[in-house]
Amino acid sequence: MIAKISRGKNLTGVLTYNQQKVEQENGKVLLAHKIVESLNGHYSIAQLAQSFTPYLIANRNTQYHTLHISLNPNPKDKVSDDKFREMAKEYMREMGYGEQPFVVFKHTDIDRTHIHIVSVCVDETGKKISDKFEKMRSMNVCRDLEKKHRLIPATDKEHKQNDKIFRPVNYRAGDIKSQIASVVRYLPKHYRFQSLGTYNALLFLFNIRAEEVSGELHGQSRQGLVYFALNEQGEKVSNPFKASLFGKGAGFVQLQKHFMESKEHLKSNPVRILLKNTIEATMNIASDETGFKKQLTKQGINTVVRRNDEGRIYGMTFIDHESQTVWNGSQLGKNLSANVFNDWWSEQNAEKRKAVSHDKIPVVNKDIPLGENEQPHELFDFLTRVSTIYDSGLIEGFGGLLPEVYAQDYEEQAFINQMKKKKKHKKKQ
């Protein structure tokens, strides 16, 4: 079972999101714990919110007071409503929220039947409930619930904490080739992505960029890939490395095959709906672009935003490290397309500018960076603006997403390569 925890400022938005599932007959309220009872068993958003109001009024400056948790058993698990109620109570009690009011919603709009729990993370005196070591505690609780209720356990790869991780390329450390190799040789074995653009979004987390090259050899047209190392600003800081240096898996032909296989695999994968629901729920919680990205990052999802010269968003990409899949927003749903986010955040920025103008303070809008028009064979030119487009520390929290066996130490590899060169040199002498 996998638990996802998010926090926000908008209690009404979270309740609305879950209540809509009920109204669309894709969900129901399983449990209303310490909630004002309804005469007919049906709840409105206002009725549910009423029970949380005293806690929010007493709140002592906790900014992100709304708690939204989803518990997701394996799709093969057959969990009854009574068992879901029991697990929700046990989970909340073990996480320190047993005495809080909370509502449990069951969602049935995807094959993976799961529950959402809505509460607040401040107690009746207004004090914030501790969230120290929350991720680790949550994982331990999930493992205990799996054993107690005989659920299919989440794979070790999903919750292993002590595995090494791939390191982003550090061009100052030297032997860039080995550093790039330790990443690009293995990413296709673990992640599903459907285009060069989504592949580059993933590579960016490791300070790498791939570019398509074409030409003629003996009268025949050939296509290939080259890889570059990037600095902290997303600028190319190395000579190009041919994909052939890193094995077939990193080459143009094999990646094209990977794109097609990923597209077919993800077409009917239930993770699409689960990810879509998570992003939609976050849209209801987050108040702005920065908050939206941070909320998703906490849930293991990175957001890639592409803007043109005028600051208009023309691309949204989401990288879900739990399912190890990469999606364009439009693939998840029309309501997650670039245009939707552009309109949403443009309105917010316009309101900010209006408020600042009203106070007679000069407008300096740093939220909308200049970009570059996307050109053929230059799919990720926007990366040169990366310091203003992306959140910092995207690699943070990766913890053990990839197996230890593949986590090569590039410094050690560089030493081995150096020794091989010395041996070859001695043989020649």
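As the structure is a computational prediction, the values presented were derived from the model and not from experiment. (Residues numbered from 1 in each chain as written. Predicted model: local features only at pLDDT ≥ 70, side-chain atom pairs only at ≥ 80, totals over all residues. Heavy atoms only, no water.)

Q: Explain the sheet that holds strand β5 (residues 114-120) here, please?
A: What holds strands together in a sheet is hydrogen bonding between their backbones, with the strands either parallel or antiparallel. Taken in spatial order, the five strands line up as β1-β3-β5-β4-β2 in an open sheet, and their pairing is antiparallel. Among the strands making up the open sheet, the edge pair consists of β1 (2-8) and β2 (27-33). Geometrically, the sheet is characterised by an average inter-axis angle of 20° between neighbouring strands, direction not taken into account. Strands in contact with helix α2 (residues 45-57) are β4 (102-107) and β5; relative to β5, the strand with the most contacts, it is inclined by about 40°. (Pairing = 2+ DSSP bridges. Helix = DSSP H or I, 4+ residues; strand = E, 2+ residues; numbered from the N terminus. Axes fitted to C-alpha atoms, helices over the stretch in contact; angles between N-to-C directions. Contact = heavy atoms within 4.5 Å.)

Q: For this particular structure, what's the right way to read the environment of K28?
A: One can find K28 in strand β2. By relative accessible area, K28 is classed as partly exposed at 38%. A C-alpha to C-alpha distance of 9.6 Å links K28 and I115, two positions 87 residues apart in sequence. Dropping the residues within four chain positions of it, K28 is found in contact with V22, D81, V104, F105 and K106. At 2.6 Å, the side chain of K28 forms a polar contact with the side chain of D81. (Buried < 20%, exposed > 50% of the residue type's maximum accessible area, 1.4 Å probe, protein only. Polar contact = N/O pair within 3.5 Å; in protein donor to acceptor, adjacent residues only side chain to side chain.)

Q: Can you help me understand unusual backbone geometry in this one?
A: A negative phi angle characterises most non-glycine residues, just as the trans form characterises most peptide bonds. Its identity is not glycine, yet E25 carries a phi of approximately 60°, on the positive side. By secondary structure assignment, the location of E25 is in the loop between α1 (11-23) and β2. You will see that D175, though not glycine, has its phi angle at about 45°, which is positive. Residue position: D175 is located in the loop between α5 (156-159) and α6 (176-184). Assessed through its relative accessible area of 29%, D175 is described here as partly exposed.

Q: Got a minute to help me understand the pattern of salt bridges in this structure?
A: Two side chains with opposite charge may pair up if their charged atoms get near one another. On inspection of all chains with the given rule, the structure shows 15 salt bridges. The shortest N-O distance in the salt bridge between K128 and D131 comes to 3.5 Å. Looking at D131, the relative accessible area reads 28%, which means it is partly exposed. Connected via shared salt-bridge partners are K28, D81 and K106. (Salt bridge = Lys/Arg side-chain N within 4 Å of Asp/Glu carboxyl O.)

Q: How should the packing of aromatic side chains be read in this particular structure?
A: The relation between two aromatic rings is expressed through the spacing of the ring centres and the mutual angle of the planes. Applying the stated rule across the entire model yields twelve aromatic pairs. Note on F241 and F246: the rings are 6.4 Å apart at their centroids and 50° apart in plane angle, and the pair reads as tilted. This pair shows no difference in class: F241 is buried, exactly as F246 is. Seen from their ring centres, F341 and W345 are 5.1 Å apart, and the 50° between their planes marks the pair as tilted. Here F341 and its partner W345 are both found in helix α13 (residues 338-358), four residues apart, which amounts to about one turn of the helix. With respect to burial, F341 and W345 carry one shared label: buried. Site record: aromatic cluster; members linked through ring pairs are F292, F318, F341, W344 and W345. Geometry around Y64 places K298 over its ring, the cationic atom sitting 5.6 Å from the centre. (Phe/Tyr/Trp six-rings, centres within 6.5 Å; stacked < 30°, edge-to-face > 60°. Lys NZ or Arg CZ within 6 Å of the ring centre and 35° of its normal.)

By themselves, these are just geometric observations and shouldn't be taken as functional.
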